[in-house]
Protein chains: 2
Amino acid sequence: MAFSTSFTASQSLAGRAIVGASPDTSNRLAIPSCLSFNSIKTSARQHLQHRVARSHRVRPLRAMAMEAAVEALEGTTETTPVALVEKSINTIRFLAIDAVEKANSGHPGLPMGCAPMGHILYDEVMRYNPKNPYWFNRDRFVLSAGHGCMLLYALLHLAGYDSVKEEDLKSFRQWGSKTPGHPENFETPGVEVTTGPLGQGIANAVGLALAEKHLAARFNKSDSEIVDHYKYVIVGDGCQMEGVSNEACSLAGHWGLGKLIAFYDDNHISIDGDTEIAFTEDVITRFEALGWHTIWVKNGNQGYNEIRAAIKEAKAVKDRPTLIKVTTTIGFGSPNKANSYSVHGSALGAKEVDATRQNLAWPFELFHVPDDVKSHWSRHIFEGASLEADWNFKFAEYEKKYPEGAVELKKIMSGELPAGWEKALPTYTPESPADATRNLSQQCLNALAKVLPGFLGGSADLASSNMTLLKMFGNFQSTTPEERNLRFGVREHGMGAICNGIVSHSPGLIPYCATFFVFTDYMRAAIRISALSEGGVIYVMTHDSIGLGEDGPTHQPIEHLISFRAMPNILMFRPADGNETAGAYKVAVENRKRPSILALSRQKLPHLPGTSIEGVEKGGYIISDNSSSNKPDLILIGTGSELEIAAKAADELRKQGKTVRVVSLVSWELFDKQSDKYKESVFPSAVTARVSIEAGATLGWEKFVGSKGKAIGIDQFGASAPADKIYKEFGLTVENIIATANSL
Amino acid sequence: MAFSTSFTASQSLAGRAIVGASPDTSNRLAIPSCLSFNSIKTSARQHLQHRVARSHRVRPLRAMAMEAAVEALEGTTETTPVALVEKSINTIRFLAIDAVEKANSGHPGLPMGCAPMGHILYDEVMRYNPKNPYWFNRDRFVLSAGHGCMLLYALLHLAGYDSVKEEDLKSFRQWGSKTPGHPENFETPGVEVTTGPLGQGIANAVGLALAEKHLAARFNKSDSEIVDHYKYVIVGDGCQMEGVSNEACSLAGHWGLGKLIAFYDDNHISIDGDTEIAFTEDVITRFEALGWHTIWVKNGNQGYNEIRAAIKEAKAVKDRPTLIKVTTTIGFGSPNKANSYSVHGSALGAKEVDATRQNLAWPFELFHVPDDVKSHWSRHIFEGASLEADWNFKFAEYEKKYPEGAVELKKIMSGELPAGWEKALPTYTPESPADATRNLSQQCLNALAKVLPGFLGGSADLASSNMTLLKMFGNFQSTTPEERNLRFGVREHGMGAICNGIVSHSPGLIPYCATFFVFTDYMRAAIRISALSEGGVIYVMTHDSIGLGEDGPTHQPIEHLISFRAMPNILMFRPADGNETAGAYKVAVENRKRPSILALSRQKLPHLPGTSIEGVEKGGYIISDNSSSNKPDLILIGTGSELEIAAKAADELRKQGKTVRVVSLVSWELFDKQSDKYKESVFPSAVTARVSIEAGATLGWEKFVGSKGKAIGIDQFGASAPADKIYKEFGLTVENIIATANSL
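Residues numbered from 1 in each chain as written. Chains lettered and ligands numbered in written order. Predicted model: local features only at pLDDT ≥ 70, side-chain atom pairs only at ≥ 80, totals over all residues. Heavy atoms only, no water.

Labelled according to an unreviewed UniProt entry, chain A appears under the name transketolase, originating from Dioscorea cayennensis subsp. rotundata. Looking at the Catalytic activity (unreviewed entry) heading of the UniProt record, one finds this comment for chain A: "D-sedoheptulose 7-phosphate + D-glyceraldehyde 3-phosphate = aldehydo-D-ribose 5-phosphate + D-xylulose 5-phosphate". (UniProt positions renumbered as here; feature names shortened; annotations may be inferred.)

Written out as structure tokens, the structure reads:
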């Protein structure tokens with residue numbers, strides 16, 4: 001069977017690399033040259049045949065009993081002796097124990113309790129290719145209880161991922177290691193999403209499952225299920241308590257995400273002790289209320305077949321996500337610390353490590369993986385390559401039959417933007433009718449949806465206010481998952497975290513989400529994860545100031561612009577008109593490893609002379625200047641809806657005979673990246689008479705107005721009244737700019 | 001019966017006024033001089049007797065049928081003809097319609113749908129005194145779906161609150177009015193908490209209910225139930241979708257808050273349309289899973305007796321909170337817009353208003369309250385005064401029997417701090433053993449708990465990391481509600497919003513709450529409400545920088561300090577040692593109308609020479625200076641854990657012969673409030689060589705270091721490694737300060 005297709009796994013890797021920007025991206029994506037796909041397929045099959053034969057030879061009686069459950073698990077073609085399963089599970093436990101002990105820092109309790117489900121998932125259930133962590137059709141695993149990351153690192157290590165070698169385990173939680181204190185997708189290939197802040201991971205998994213359901217609906221054909229993978233997640237008590245997880249799980253139930261399977265590590269312990277002190281709700285019933293299928297595995301410590309059977313059952317339920325409550329003992333195996341909070345977040349200590357080694361009959365040295373365990377797991381390299389090769393073959397067939405779909409899907413898999421996509425963005429002239437930037441944003445969103453195959457998104461129940469509907473598409477719903485308008489309900493936090501999952505699924509998926517700018521407060525933890533985990537989510541945030549008017553101070557952002565300008569790896573935009581809105585979208589789409597926030601107006605704004613997409617790309621630029629040299633009498637700086645006020649004030653001041661420059665500072669972060677020469681050309685150091693105007697906190701503006709300039713803004717909460725009245729009362733007026741400028 | 005007690009209602013009012021700071025506080029607390037309590041009691045009783053007699057005379061047959069249900073409602077001694085009930089309900093509807101129409105802005109849909117439950121609550125069920133909105137033992141009502149505020153304003157108007165007169169209804173959503181676009185407790189007496197951001201209100205109500213249960217357990221005696229009131233709340237679909245409401249409701253169930261009764265306005269419509277598009281979970285079952293009693297009123301539009309019976313049932317369930325799902329029609333009465341999103345957030349329009357007037361047979365002019373409705377509601381002024389007078393009498397009796405309890409409770413009711421309370425705060429010398437400020441914080445918390453009767457709080461499952469346990473108290477639990485350690489579980493957002501409820505309950509309740517500083521991202525919406533609604537919650541935020549070490553960037557705050565410094569009405573503290581921690585608590589406790597955030601270290605810090613409580617009160621102050629005039633060569637500025645580094649660098653630079661001043665800038669907001677003279681004495685404008693050091697974003701520091709100074713900080717995400725290593729790698733070192741200083 002010849003392996004020939006125009007889209008190979010290595011191209012898939014290259015596709016990822018195109019988008020990648022981390023210094024080590026190319027390195028981490030290297031694929032062993034020995035693994036040409038023909039040879040892999042052959043050798044993997046021989047290997048499997050060999051192992052199946054051997055396991056039939058040596059299989060003990062107990063293993064016979066497991067057969068039914070094991071065979072039920074899709075893709076599992078052999079049984080493993082229970083003694084070896086237990087040895088593997090203990091290997092996971094001791095890798096975690098040893099790494100935490102060496103670092104004298106970390107969380108051994110969860111890996112010790114969850115090792116059985118971890119083993120079964122990575123050894124028996126999941127389909128992945130350790131040598132290509134970015135294979136498109138892999139099953140995804142999310143450790144929502146991210147503090148238990150040594151579980152994940154141990155599993156990646158056993159499975160053969162290059163990112164977690166023995167030396168990486170030994171440098172757990174150390175500077176520059178691949179094994180940081182919580183799972184970080186940008187550090188460790190094989191880690192799908194960045195977790196640790198509780199509740200985020202399960203919501204990310206909902207996003208991953210949404211992405212799969214959407215792509216499957218768009219691209220699968222009756223004769224080719226080209227998109228077909230599961231999302232597994234482990235959530236702890238902490239995740240269950242967080243509101244964001246309830247938000248996301250309510251949506252998962254609503255959307256009927258049948259390929260999402262969540263394991264709830266029910267260990268009854270959180271940091272403050274027994275969950276009885278704060279968490280006595282009936283989780284199973286809550287999930288049933290949310291529309292999930294639920295299963296309870298009562299012996300998660302040793303009931304391997306129960307776990308296997310639960311997974312089988314979960315997979316059989318196609319129309320709903322499944323919660324498998326797995327009752328475990330935190331720190332299982334530790335004779336004195338198991339089932340107590342003391343094993344949650346601290347090293348066991350040498351004495352207790354010894355006691356645990358004795359208790360679990362573990363005679364090996366530190367970080368040891370016994371040969372039979374190593375040998376057992378070694379097949380995943382071959383199996384994984386085989387799985388990917390099979391899929392590549394399938395994709396090649398698909399491509400022949402469905403070339404149009406294949407082109408789109410390849411763009412989504414690779415992240416390659418269609419040539420000339422940016423030409424779809426609208427442009428405007430000062431004669432274009434005045435409009436709110438939220439409306440201009442909707443023009444951009446709809447233009448982009450036509451040219452970007454992976455563009456999808458929606459609002460937290462404010463679509464008609466945020467102006468985010470894609471007119472050419474319907475609603476993504478359980479029965480119409482091919483559509484691209486996402487309806488998040490009033491769940492801002494879940495929305496952001498779900499978008500983090502979507503953007504993590506495939507490089508070419510570009511999710512946007514929307515609410516009022518002030519309600520970024522509800523979703524800030526998710527936005528920060530976008531920034532940290534290098535997920536280019538686009539946040540469409542309308543009603544961006546007191547300009548929203550009557551809704552009043554609960555709805556009026558004040559400190560939000562500065563609070564995001566200070567957040568690392570964010571692009572905070574406040575466009576002033578149509579061209580700037582289009583420019584913000586251009587930069588946002590291009591930045592696939594940096595989330596963008598667009599602060600957009602509710603109120604109408606004119607299209608100003610001098611604004612441009614190119615200007616936005618520089619972050620700050622001159623929109624008008626009546627001076628002949630680079631030394632105007634005065635520089636007025638504005639953003640968003642106040643740029644118009646600055647421009648009007650400049651006109652007045654020019655009539656008074658002054659030379660005045662007007663600068664739009666639409667994105668501070670982009671401006672920061674410009675050369676010193678460019679910065680000096682915009683803000684000549686010799687010109688100290690500078691006035692800024694922005695309907696937000698003045699803190700931070702000292703950076704641009706300097707100690708001799710003045711910042712006009714709002715350092716108190718807003719008010720409920722018509723917008724014009726509030727602007728006037730708060731001094732955001734042409735008159736105030738002129739008076740301030742004249743006072744300098 | 002002589003009315004004599006050392007604690008009268010008017011003193012209660014005065015107590016509130018002590019704490020109040022708004023310009024109009026004294027005005028809003030005025031009590032009519034005619035209402036001496038003896039006369040109130042007499043006239044109220046006569047009035048009641050008269051009305052009961054009259055209602056028996058005119059009662060129609062249908063009213064007979066209501067009797068059982070109505071009589072069941074505690075405190076209701078008469079029945080009201082159903083025609084009058086409906087007239088009252090329609091009055092509420094049209095007050096809302098007319099106000100929104102006049103403003104051409106607002107949300108008529110909810111008031112039109114919820115008017116029946118609103119009427120029953122305020123006219124038949126709740127115990128309050130309209131002329132003293134701050135009467136301690138009043139029932140509390142929270143409109144969690146705050147956008148429906150015209151419901152609340154209409155009810156307050158009918159009930160006789162001075163804060164909402166006809167002219168206030170007519171200036172709905174206008175500059176300076178008492179009727180802003182969402183309910184604001186600080187603008188409108190009678191409004192208990194500030195709502196609008198969805199889900200906050202129900203969590204506030206949980207806090208109010210917690211406060212009542214706690215105070216009842218501490219102060220009630222077998223012969224005197226001096227604390228005894230209910231909390232009613234209306235939540236909408238939006239509130240139900242928000243994660244914060246699930247967090248808080250899970251705790252309400254856990255804590256068994258039996259006096260919390262929530263009405264779920266199940267109208268099946270949210271802004272994006274039918275809730276079918278995003279919200280199909282089974283809410284009743286979810287609440288049962290959370291440990292609530294649940295009831296479904298299927299005809300919330302006209303099933304008055306069903307609503308009454310549900311409230312009766314809810315009150316009979318003492319050990320659990322109750323959710324009453326009330327199925328209503330949004331915009332009830334509007335023939336063309338009812339049951340659609342178009343009636344949610346826009347004025348009906350003149351044509352539809354006319355149609356609604358016809359449909360509901362409402363012939364009256366705008367803003368009209370029919371005489372019989374007015375007359376019917378008028379009794380609440382007398383009844384309310386009577387209720388308060390009865391309670392005052394009861395309290396006088398209580399005070400005689402239980403003088404110690406009465407003294408404490410009076411402090412809690414009035415907000416008066418015990419004389420000399422601040423002397424309980426610990427002080428330190430440079431010889432005191434080095435310690436983490438989180439530990440020093442715990443010393444302060446425990447010291448304060450001994451002297452402040454209303455001091456209580458806890459952590460979001462990090463008590464042993466945040467160091468927040470009060471050692472002299474046990475855990476507040478359903479069976480031990482008299483205790484003061486609150487166990488919030490991993491529910492930061494719910495925690496903050498619950499504390500907003502606690503602080504709103506009584507002026508002398510001082511709640512604190514805790515998590516890692518980075519997780520303020522989860523609760524930012526609640527913190528902002530603390531600031532906006534003038535609630536002096538104390539936020540104890542530990543692990544305040546990269547200094548937490550190995551947990552890595554998901555746990556390391558960067559932009560958080562500046563993000564709160566920019567938030568209005570917040571006091572953001574970053575104390576450097578023991579004295580500064582004590583100083584921060586002193587200011588925090590004193591500021592009952594301004595929340596405080598304390599950013600505290602995980603790592604040990606020395607007690608620095610020169611730090612002081614008095615210094616903290618100024619926000620920024622000199623801790624050391626070897627110059628003889630007010631013109632040192634260099635000013636080093638630090639906060640928190642970096643102040644030590646600045647002090648060490650100063651020592652080195654002084655050895656090099658420089659004159660160096662070290663400034664602690666522990667609270668920017670407090671420093672901003674100082675005189676120009678004082679500011680110049682700390683930062684002489686002639687000294688431009690300034691270096692700041694803080695383990696956080698540098699944005700904003702330009703304000704203090706100026707254009708010629710330099711800010712040392714972190715403008716990227718942190719890393720997972722031991723803290724010392726990260727400090728070194730990020731250049732937060734003595735060496736870097738020296739090099740930077742020498743470069744100026």
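Next comes the rest of the description.
Visitor: Help me understand the packing of aromatic side chains, please; the structure alone is not making it clear to me.
Guide: Each aromatic ring pair is described using two quantities: the centre-to-centre distance and the angle formed by the ring planes. By the definition in use, this model includes 52 aromatic pairs over all chains. On the basis of an interplanar angle of 50 degrees and a centroid distance of 5.2 Å, the ring pair of Tyr398 of chain B and Tyr402 of chain B is categorised as tilted. Given the relative accessible area of 23%, Tyr402 of chain B is considered partly exposed. Three or more aromatic residues joined by ring pairs form one cluster here, namely Trp668, Phe671, Tyr678, Phe683, Trp701 and Phe704 of chain A. Over the ring of Trp296 of chain A we find Lys298 of chain A; its NZ or CZ atom is 4.7 Å from the centre of that ring. A cation over a ring is seen here: Lys325 of chain A above Trp296 of chain A, with NZ or CZ 4.2 Å from the ring centre. (Phe/Tyr/Trp six-rings, centres within 6.5 Å; stacked < 30°, edge-to-face > 60°. Buried < 20%, exposed > 50% of the residue type's maximum accessible area, 1.4 Å probe, protein only. Lys NZ or Arg CZ within 6 Å of the ring centre and 35° of its normal.)

Visitor: In this structure, what is going on with the relation of the copies chain B and chain A? I would like to understand it.
Guide: Comparison of the two chain copies shows a relationship of rotation about an axis with a shift along it. It takes a turn of 180 degrees to lay chain B on chain A, together with a shift of 0.0 Å along the axis; the resulting RMSD is 0.0 Å. Taken together, the rotation and translation describe the operation of a two-fold axis. Residue Gly243 of chain B of chain B places its C-alpha closer to the rotation axis than any other residue of that unit, at 1.8 Å. An overlap of 100% is found between the interface residues of chain B and their copies at the interface of chain A, pointing to a shared contact surface. (Least-squares fit on C-alpha atoms with pLDDT ≥ 70 in both. Contact = heavy atoms within 4.5 Å.)

Visitor: Help me out: how do you make sense of the packing of helix α11 (residues 243–255) of chain B against helix α19 (residues 492–505) of chain B in this one?
Guide: Helices that pack against each other are described as a pair by the angle of their axes relative to one another and the distance between those axes. Residue and element names in this part refer to chain B. One way to put it is that α11 packs onto α19 with a least axis distance of 8 Å and a crossing angle of 70 degrees. Between α11 and α19, the angle is such that the two are roughly perpendicular. From α11, Val244, Glu247, Ala248, Leu251 and Trp255 reach across to α19, where they touch Glu492, His493, Gly494, Ala497 and Ile498. Classifying every residue of the contact of α11 with α19 by side-chain character gives six nonpolar, two polar and two charged. (Axes fitted to C-alpha atoms, helices over the stretch in contact; angles between N-to-C directions. Helix = DSSP H or I, 4+ residues; strand = E, 2+ residues; numbered from the N terminus. Parallel < 35°, antiparallel > 145°, perpendicular 65-115°, else oblique. Nonpolar A, V, L, I, M, F, W, Y, C, P; charged D, E, K, R; others polar.)

Visitor: Even after reading the chapter, I still don't get the sheet that holds strand β2 (residues 231–235) of chain A, so can you show me in this structure?
Guide: Within a sheet, each strand pairs with its neighbour through backbone hydrogen bonds, oriented either parallel or antiparallel. All names here are of chain A. Pairing within the open sheet is parallel, and its five strands lie in the order β1-β2-β3-β7-β6. Only two strands of the sheet have a single partner each, and these edge strands are β1 (140–143) and β6 (293–297). For this sheet, the mean inter-axis angle between neighbouring strands, taken without regard to orientation, is 15 degrees. In the sheet, β6 pairs with strand β7 (residues 322–327) via five bridges, with the strands oriented parallel. In the strand pairing of β7, Trp296 is matched with Lys325. Across the sheet, helix α9 (residues 200–219) lies against β1, β2 and β3 (260–266), angled at about 170 degrees from β2, the strand it touches most. (Pairing = 2+ DSSP bridges.)

Visitor: Where do I start with the UniProt feature "binding site: substrate" (unreviewed entry) in chain A in this structure?
Guide: UniProt's feature table lists "binding site: substrate" (unreviewed entry) at His107, His344, Arg438, Ser465, His543, Asp551, His555 and Arg602 of chain A, given in the numbering used throughout. For the residues just named, distributed over 496 residues, the greatest C-alpha separation reaches 47.8 Å, placing them at more than one site. Mapped onto the elements, His107 of chain A comes out in the loop between α5 (82–103) and α6 (109–125). Looking at His107 of chain A, the relative accessible area reads 10%, which means it is buried. Not counting the four nearest positions on each side in its chain, His107 of chain A is found in contact with Val100, His147, Gly148, Arg173, His344 and Gly345 of chain A together with Asp551 of chain B. Along the chain, the position of His344 of chain A falls in the loop between β7 and α14 (350–359).

Visitor: Please explain the interface of chain B and chain A as it appears in this structure.
Guide: How big an interface is tends to be stated in terms of the accessible area lost upon association of its parts. Contacts between the two partners involve 96 residues from chain B and, on the opposite side, 97 residues from chain A. In this assembly, chain B packs against chain A so that about 7,800 Å² is buried in total across both faces, 60% of it on carbon and sulfur atoms. Taken as a group, Trp175, Tyr522 and Arg528 of chain B account for 11% of the area that chain B buries against chain A, more than any other trio of residues on that side. At the boundary of chain B with chain A, the tally comes to eight salt bridges. Residues Asp272 of chain A and Arg487 of chain B are paired through a salt bridge, measuring 3.3 Å at the closest nitrogen-oxygen approach. The residue makeup of the side of chain B that touches chain A, split by class, is 39 nonpolar, 32 polar and 25 charged. (Buried area = accessible area lost by both parts, 1.4 Å probe. Salt bridge = Lys/Arg side-chain N within 4 Å of Asp/Glu carboxyl O.)

Visitor: Is there a simple way to think about unusual backbone geometry in this case?
Guide: A negative phi holds for most residues other than glycine; trans holds for most peptide bonds. Residue and element names in this part refer to chain B. Positive phi values are uncommon outside glycine, yet Arg173 reaches one of about 65 degrees. Its place among the elements puts Arg173 in the loop between α8 (166–170) and α9 (200–219). Arg173 gets classed as buried once you look at its relative accessible area, which sits at 2%. At Ala361, a residue that is not glycine, the phi angle is positive and equals roughly 55 degrees. Note on placement: Ala361 falls in the loop between α14 (350–359) and α15 (371–401).

Visitor: Sorry, what's going on with the environment of Asn299 of chain A here?
Guide: Residues and elements named next belong to chain A. As for its placement among the helices and strands, Asn299 is situated in the loop between β6 and α13 (304–316). For Asn299, a relative accessible area of 30% translates into the label partly exposed. C-alpha separation for the pair Asn299 and Ile92, spaced 207 residues apart in sequence, amounts to 18 Å. Excluding residues that lie within four positions of it along the chain, Asn299 makes contacts with Glu306 and Thr327.

Visitor: Would you mind going over the sheet that holds strand β19 (residues 690–693) of chain B with me for this structure?
Guide: Residues and elements named next belong to chain B. If you walk across this open sheet you meet the five strands as β16-β18-β17-β19-β20, and the pairing is mixed. Of all the strands in the sheet, just β16 (621–625) and β20 (710–712) have a single pairing partner and so form its edges. Averaged over all neighbouring strand pairs, the angle between strand axes comes to 20 degrees, with direction disregarded. Where strand β17 (residues 634–638) meets strand β18 (residues 660–664), five bridges bridge the pair, whose relative direction is parallel. The residue bridging Gly638 from the neighbouring strand is Ser664, located in β18. Taken strand by strand, helix α29 (residues 734–743) contacts β17, β19 and β20, and its axis lies near 170 degrees from that of β20.

Visitor: Got a minute to help me understand the state of the cysteines in this structure?
Guide: By definition, a disulfide links the sulfur atoms of two cysteines through a covalent bond. Considering all chains together, one arrives at zero disulfides over all chains under this definition. In this structure Cys114 of chain B is a free cysteine whose sulfur lies 11 Å from that of Cys239 of chain B, the closest cysteine sulfur available. (Disulfide = S-S within 2.5 Å.)

Visitor: Looking at this structure, I do not really get the pattern of salt bridges. What am I missing?
Guide: Any two side chains of opposite charge can pair, given that their charged atoms come close. In the structure shown here, the tally under the stated rule is 70 salt bridges over all chains. Its salt-bridge partner being Glu559 of chain B, residue Arg528 of chain A comes within 2.7 Å of it at the nearest N-O pair. Within this pair, whereas Arg528 of chain A is found in helix α20 (residues 520–532), its partner Glu559 of chain B is found in the loop between β12 (538–542) and α21 (560–565), the two belonging to separate chains. By the burial criterion, Arg528 of chain A is buried, and Glu559 of chain B matches it. In this structure, Glu642 of chain A and Arg574 of chain A form a salt bridge, with 2.6 Å as the shortest nitrogen-oxygen distance. Of this pair, Glu642 of chain A sits in helix α24 (residues 641–655) while Arg574 of chain A sits in the loop between β13 (571–573) and α22 (578–590), and the two are 68 residues apart along the sequence. The class for Glu642 of chain A is buried, based on a relative accessible area of 0%. Taking relative accessible area as the criterion, Arg574 of chain A reaches 1% and is therefore assigned buried. Among the charged side chains, a salt-bridge network with shared partners connects Glu212, Asp228, Lys231 and Lys259 of chain A.

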